[in-house]
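What follows is the residue order along each chain.
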Amino acid sequence: MKRFNKIMCVVDSEKTMTTALTQAVRIAQDHQADITFISVLKQASAWRKSFFSREQWGEIHNEFIAKKRSAIEHKLLSIAPSLKADILVTSGIGFIEIIKHAVRGQYDLVVKCAEDVDWMDRMLGSEDMHLLRKCPYPVLMLKPEHKDSFRNVLATVDINDDFSELDENRVQEQLNERVLEYSAALSIAELSELHIGGVWDAYAEDLLRHGAFSSTPDDKVDQYVEQTRLACSSRLEILVKKMATMLGKATVQYLQPRPHLVKGTASKEIPLMVETYGIDLIVMGTVGRAGITGFIIGNTAESILEQTQCSILAIKPDGFKTPIE
């Protein structure tokens with residue numbers, strides 16, 4: 001069973017501090033993991049140079065750090081009085097400092113609370129999205145004000161096979177397996193109901209049916225579409241069965257995962273699954289369908305993030321290297 005051993009929790013504003021600390025502490029306790037809290041103060045170089053000397057700013061900066069550390073300690077005392085954890089307060093560009101320290105400490109989970117109430121509507125291009133794109137370790141991006149356990153978890157897997165010939169290193173298959181492992185680990189610890197969602201489509205079906213120059217008989221297209229559905233259904237069944245090998249039969253019997261196979265596009269159908277089944281955590285692999293390195297958080301994943309109002313656990317494929325040094 002996949003377990004988290006070292007967790008880094010990002011602490012931003014007072015507004016989201018309780019959510020981040022509460023969730024991170026609970027996960028750390030569930031997995032008996034070490035936890036470090038990090039807060040990154042923004043550099044205000046223009047403001048600083050306009051009003052303070054270097055010596056004055058050094059004193060003020062140290063005071064800011066002390067106040068932030070004290071605020072985190074005070075909040076932790078109310079949430080987990082006996083918890084012993086490292087607290088790191090630094091300054092710089094948020095996502096860059098977080099990734100640097102995550103790499104340096106070899107953390108296997110980064111927990112952060114998104115800042116905006118309507119965070120998914122405005123997240124693209126923000127530091128949160130930079131973190132999701134570029135952090136090599138799993139990132140749990142929490143919905144603001146979510147302090148409860150995750151009741152319904154959705155593991156999203158790619159069961160299409162349109163471009164498998166480009167995926168020589170089995171990136172997508174391995175990523176599917178990682179998604180299931182992390183989903184199971186969190187579901188067991190949180191006593192959650194685990195859903196496994198796969199979205200399928202028949203490549204070029206519309207072109208075959210309605211293309212200006214298409215002469216393919218309807219029955220041939222129907223046969224092709226049904227063969228595609230059966231193949232995708234089989235891949236989903238194989239993934240669910242493989243969970244027993246990866247995690248043990250007892251674990252899978254306890255979880256009783258609920259597979260869902262729907263036709264359409266992932267960017268449309270996954271948000272509908274979230275709404276239909278009351279999902280409060282999506283676990284998704286952040287890599288392009290063909291497993292090409294440059295497509296981390298590709299168009300489909302970003303579209304899902306824009307539409308979904310729940311927490312996200314974003315997982316990179318093995319071998320992903322961050323551009324942050």
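Being a predicted model, the structure only gives us computed values, none of them experimental. (Residues numbered from 1 in each chain as written. Predicted model: local features only at pLDDT ≥ 70, side-chain atom pairs only at ≥ 80, totals over all residues. Heavy atoms only, no water.)

**Description of the overall build of the protein**
Next up, step 1: Of regular secondary structure, the protein possesses 11 helices and 10 strands.
Next up, step 2: Burial status across the protein gives 49% buried among its 325 residues.
Next up, step 3: Accessible surface, the protein as shown: approximately 16400 Å² in total, 50% of it carbon and sulfur. (Helix = DSSP H or I, 4+ residues; strand = E, 2+ residues; numbered from the N terminus. Buried < 20%, exposed > 50% of the residue type's maximum accessible area, 1.4 Å probe, protein only. Areas by Shrake-Rupley, 256 points an atom, 1.4 Å probe, with all protein chains shown as cover.)

**A short note on the environment of Asp 222**
Next up, step 1: Along the chain, the position of Asp 222 falls in helix H8 (residues 218-247).
Next up, step 2: Classification of Asp 222 by relative accessible area gives partly exposed; the value is 39%.
Next up, step 3: Asp 222 sits 17 residues away from Glu 205 along the chain, and the two C-alpha atoms are 9.1 Å apart.
Next up, step 4: In terms of polar contacts, Asp 222 uses its side chain to reach the side chain of Arg 209, at 2.7 Å. (Polar contact = N/O pair within 3.5 Å; in protein donor to acceptor, adjacent residues only side chain to side chain.)

**Focus: the pairing of strand S6 (residues 152-157)**
Note on strand geometry: in a regular strand, side chains alternate between the two faces of the sheet.
Next up, step 1: In terms of burial, S6 is largely enclosed, as six of its six residues are buried.
Next up, step 2: Residues Asn 152, Leu 154 and Thr 156 point to one face of S6 and Val 153, Ala 155 and Val 157 to the other, with burial holding for every one of them.
Next up, step 3: The pairing of S6 with strand S7 (residues 193-200) spans six bridges and is classified as parallel. Looking at S7, one finds that Asn 152 is bridged to Glu 193.
Next up, step 4: As judged from the three bridges shared by S6 and strand S9 (residues 281-285), these two strands associate in the parallel manner. Along S9, the bridge assignment pairs Ala 155 with Val 283. (Pairing = 2+ DSSP bridges.)

**What about the packing of aromatic side chains?**
Next up, step 1: Overall, the coordinates contain one aromatic pair when judged by the stated rule.
Next up, step 2: Look at Phe 4 and Tyr 182: their rings are 5.6 Å apart centre to centre, the planes differ by 25°, and that puts the pair in the stacked class. Here Phe 4 is found in the segment before strand S1 (6-10), whereas its partner Tyr 182 is found in helix H6 (residues 171-190), with 178 residues between them in sequence. The two residues Phe 4 and Tyr 182 agree in class, both being buried.
Next up, step 3: Cation over ring: Lys 6 sits above Tyr 107, and NZ or CZ is 4.8 Å from the ring centre. (Phe/Tyr/Trp six-rings, centres within 6.5 Å; stacked < 30°, edge-to-face > 60°. Lys NZ or Arg CZ within 6 Å of the ring centre and 35° of its normal.)

**Notes on the nonpolar core**
Next up, step 1: Counting 55 residues, the largest nonpolar core has Ile 7, Phe 37, Leu 140, Met 243 and Leu 313 as the members making the most contacts within it.
Next up, step 2: Here this core takes eight residues from H8, the largest share from any one element.
Next up, step 3: When sequence neighbours within four positions are dropped, the list of residues in contact with Ile 7 reads Ile 27, Ala 28, Ala 33, Asp 34, Ile 35, Thr 36, Tyr 107, Asp 108, Leu 109 and Val 111.
Next up, step 4: Formed by 32 residues, the second largest nonpolar core is a distinct cluster that contains Ile 99, Ala 114, Val 199 and Ile 312. (Core = buried A, V, L, I, M, F, W, Y, C linked by side-chain atoms within 4.5 Å. Contact = heavy atoms within 4.5 Å.)

**Describing the packing of H6 against H8**
Next up, step 1: Relative to each other, H6 and H8 sit at 65°, their axes nearing to 10 Å. When you trace H6 past H8, the crossing you get is right-handed. Along its contact with H6, which presents Glu 173, Asn 176, Glu 177, Leu 180, Glu 181 and Ala 184, the element H8 presents Leu 239, Lys 242, Met 243, Met 246 and Leu 247.
Next up, step 2: Per-class residue counts for the contact of H6 with H8 are six nonpolar, one polar and four charged. (Axes fitted to C-alpha atoms, helices over the stretch in contact; angles between N-to-C directions. Left-handed = near helix turned anticlockwise from the far one by under 90°. Nonpolar A, V, L, I, M, F, W, Y, C, P; charged D, E, K, R; others polar.)

**So, the pairing of strand S4 (residues 109-113)**
Next up, step 1: S4 sits mainly inside the fold: five of its five residues count as buried.
Next up, step 2: Burial along S4 is two-sided: Leu 109, Val 111 and Cys 113 facing one way and Val 110 and Lys 112 facing the other are all buried.
Next up, step 3: Here four bridges tie S1 to S4, and the two strands are oriented parallel to one another. Pairing of Ile 7 across the sheet is with Leu 109, part of S4.

**Observations regarding the environment of Met 17**
Next up, step 1: Topologically, Met 17 is positioned in helix H1 (residues 14-31).
Next up, step 2: When its relative accessible area of 0% is taken as the criterion, Met 17 is described as buried.
Next up, step 3: The sequence separation of Met 17 and Glu 115 amounts to 98 residues, and the corresponding C-alpha distance is 10.0 Å.

**Details of the confidence of the model for the protein**
In regions of low pLDDT, the predicted coordinates are not meant to be interpreted in detail.
Next up, step 1: Here the protein shows a mean pLDDT of 84. Residues at 70 or above account for 84%.
Next up, step 2: Of all the helices and strands in the protein, helix H2 (residues 45-51) carries the lowest mean pLDDT, 56, while S1 carries the highest, 97. (pLDDT = per-residue confidence, 0-100.)

**Some thoughts on the packing of H1 against H6**
Next up, step 1: Between H1 and H6, the shortest axis-to-axis distance is 10 Å and the interhelical angle comes to 95°. When the interaxial angle is binned, H1 and H6 end up roughly perpendicular. Contacts between H1 and H6 involve Arg 26, Ile 27, Asp 30 and His 31 from the former and Ala 185, Leu 186, Ala 189 and Glu 190 from the latter.
Next up, step 2: Its residues assigned to classes, the contact of H1 with H6 shows four nonpolar, one polar and three charged. (Parallel < 35°, antiparallel > 145°, perpendicular 65-115°, else oblique.)

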